[in-house]
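Each chain, written out:
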Amino acid sequence: MAAAARRLLLVAAAAALLLLLLPERASAAAPRKPVDVPFQKNYVPTWASDHIHYVDGGKEVQLYLDRSTGTGFQTRGSYLFGHFSMHMKLVGGDSAGTVTAFYLSSQNSEHDEIDFEFLGNRTGQPYILQTNVFTGGKGDREQRIYLWFDPTKEYHSYSVLWNLYMIAFFVDDVPIRVFKNSSGDLGIRYPFNQPMKLYSSLWNADDWATRGGREKTDWANAPFVASYRGFHVDGCEASAEARFCATQGARWWDQPEFRDLDGAQYRKLREVRQRYTIYNYCTDKDRYAAVPPECAKDRDV
């Protein structure tokens with residue numbers, strides 16, 4: 001009897017240990033609804049402030065690009081993790097050669113960066129949305145999609161959910177990309193200890209932006225105008241030197257339901273891959289002899 005009791009205790013202990021080792025599972029949830037605020041609450045001009053026009057007390061901001069310069073703005077603070085969203089209406093008409101960017105970036109040589117870049121095109125041709133993730137100064141993770149609407153006609157929401165487990169890119173409520181933390185199992189660097197500011201800019205990039213630089217900016221159409229609303233920032237604010245978030249684990253985006261997408265969200269992501277993706281570094285065999293190891297974990301192959 002004593003031996004049998006010991007065996008039962010060992011089995012119970014092993015089961016308890018297994019439960020501790022199993023990953024925590026919970027139903028995934030969409031990010032919280034963004035809260036619209038005026039531009040001045042979270043942002044300041046970065047350069048060429050005379051090319052930024054304020055509408056309705058800063059509830060809307062317009063960036064202007066002409067032959068002399070583009071312009072841009074950035075957050076007042078730096079952040080380690082959070083949810084960041086912007087309502088944008090892109091340059092209309094012939095926007096070839098122009099780039100409108102919305103991104104997070106740290107401020108050092110081995111920088112981390114999370115990018116939305118909207119590549120202009122000739123009138124009647126669709127915009128291309130390019131996303132990228134830099135970790136430790138290394139990028140080369142481009143994905144390009146066509147949008148399923150005209151982004152120049154109405155405002156649409158572009159947002160990033162960034163926590164210790166994943167970076168998720170959303171257009172409106174549709175996930176278009178996930179980059180998971182693979183530092184532990186695959187040894188791939190992940191942005192977790194470098195605070196980042198948010199930036200947005202409108203600038204001339206006709207050396208590469210449209211058809212690899214073959215289509216040049218037509219300055220007869222200047223000024224080019226991109227419009228913004230929302231300016232939502234819900235992040236753990238930190239100094240540029242801070243390497244951790246003082247409230248790590250306590251914020252809503254740290255909770256189990258925000259550590260992965262759910263089945264419905266992955267189905268939407270799969271539809272984006274099948275219907276709207278025009279370039280994915282994960283499937284570029286000319287560039288990578290082997291599929292980058294994070295792609296399977298991110299469900300991008």
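Residues numbered from 1 in each chain as written. Predicted model: local features only at pLDDT ≥ 70, side-chain atom pairs only at ≥ 80, totals over all residues. Heavy atoms only, no water.

Caption draft 1: Fine view of the overall build of the protein. The secondary structure content of the protein amounts to four helices and 15 strands. With the C-alpha coordinates aligned to their principal axes, the bounding extent of the protein is approximately 90 × 45 × 35 Å. For the protein, the accessible area works out to roughly 14,700 Å², and carbon and sulfur atoms hold 53% of it. When the 35 basic and 36 acidic side-chain charges of the protein are each reduced to a single mean position, those positions are 6 Å apart. (Helix = DSSP H or I, 4+ residues; strand = E, 2+ residues; numbered from the N terminus. Areas by Shrake-Rupley, 256 points an atom, 1.4 Å probe, with all protein chains shown as cover. Lys, Arg positive; Asp, Glu negative; His and termini not counted. Charge placed at Lys NZ, Arg CZ, Asp CG, Glu CD.)

Caption draft 2: Seen up close, helix H3 (residues 263–275). With 13 residues, H3 extends 18 Å between its outermost C-alpha atoms, agreeing within 8% with the 18 Å of an ideal straight helix rising 1.5 Å per residue. Of the residues making up H3, those classed as buried are Gln 265, Tyr 266, Leu 269, Val 272 and Arg 273. Down the axis, H3 shows its buried residues gathered within 110 degrees of arc, on one side only. Turned more than 90 degrees from where H3 packs its buried face, Arg 267, Gln 274 and Arg 275 sit exposed. Where H3 is buried, its residues meet strand S9 (143–146), strand S11 (166–171), strand S12 (174–180) and strand S15 (277–280). Near the N-terminus of H3, the side chain that reaches the backbone nitrogen of Ala 264, with its oxygen 3.2 Å away, is that of Asp 262. (Expected span 1.5 Å × (residues − 1). Buried < 20%, exposed > 50% of the residue type's maximum accessible area, 1.4 Å probe, protein only. Arc of directions from axis to C-beta. Contact = heavy atoms within 4.5 Å. Polar contact = N/O pair within 3.5 Å; in protein donor to acceptor, adjacent residues only side chain to side chain.)

Caption draft 3: Quick look at the UniProt feature "active site" (unreviewed entry) in the protein. Feature annotation in UniProt assigns "active site" (unreviewed entry) to the following positions: Glu 113 and Glu 117. Checked against the element boundaries, Glu 113 lands in strand S7 (residues 113–119). Among all residues touching Glu 113, those that are not within four sequence positions of it are Tyr 103, Leu 104, Ser 105, Asn 132, Val 133, Phe 134 and Met 196. In terms of polar contacts, Glu 113 uses its side chain to reach the side chain of Ser 105, at 3.5 Å. Positionally, Glu 117 belongs in strand S7. Ignoring anything within four residues of it in the chain, the contact list for Glu 117 reads Val 99, Thr 100, Ala 101, Ile 128, Leu 129, Gln 130, Trp 203 and Trp 208. (UniProt positions renumbered as here; feature names shortened; annotations may be inferred.)

Caption draft 4: Representation of the sheet that holds strand S3 (residues 60–65). With respect to topology, seven strands assemble into an open sheet ordered S2-S3-S14-S5-S10-S11-S12, the strand pairing being antiparallel. Here the strands that pair on one side only, and so sit at the sheet edges, are strand S2 (52–55) and S12. Within this sheet the neighbouring strands show an average axis-to-axis angle of 25 degrees, counted without direction. As paired strands, S2 and S3 are joined by four bridges and run antiparallel to one another. Bridged to Tyr 54 within S3 is Val 61. Along the sheet, H3 contacts S11 and S12; its crossing angle with S12, the most-contacted strand, is approximately 100 degrees. (Pairing = 2+ DSSP bridges. Axes fitted to C-alpha atoms, helices over the stretch in contact; angles between N-to-C directions.)

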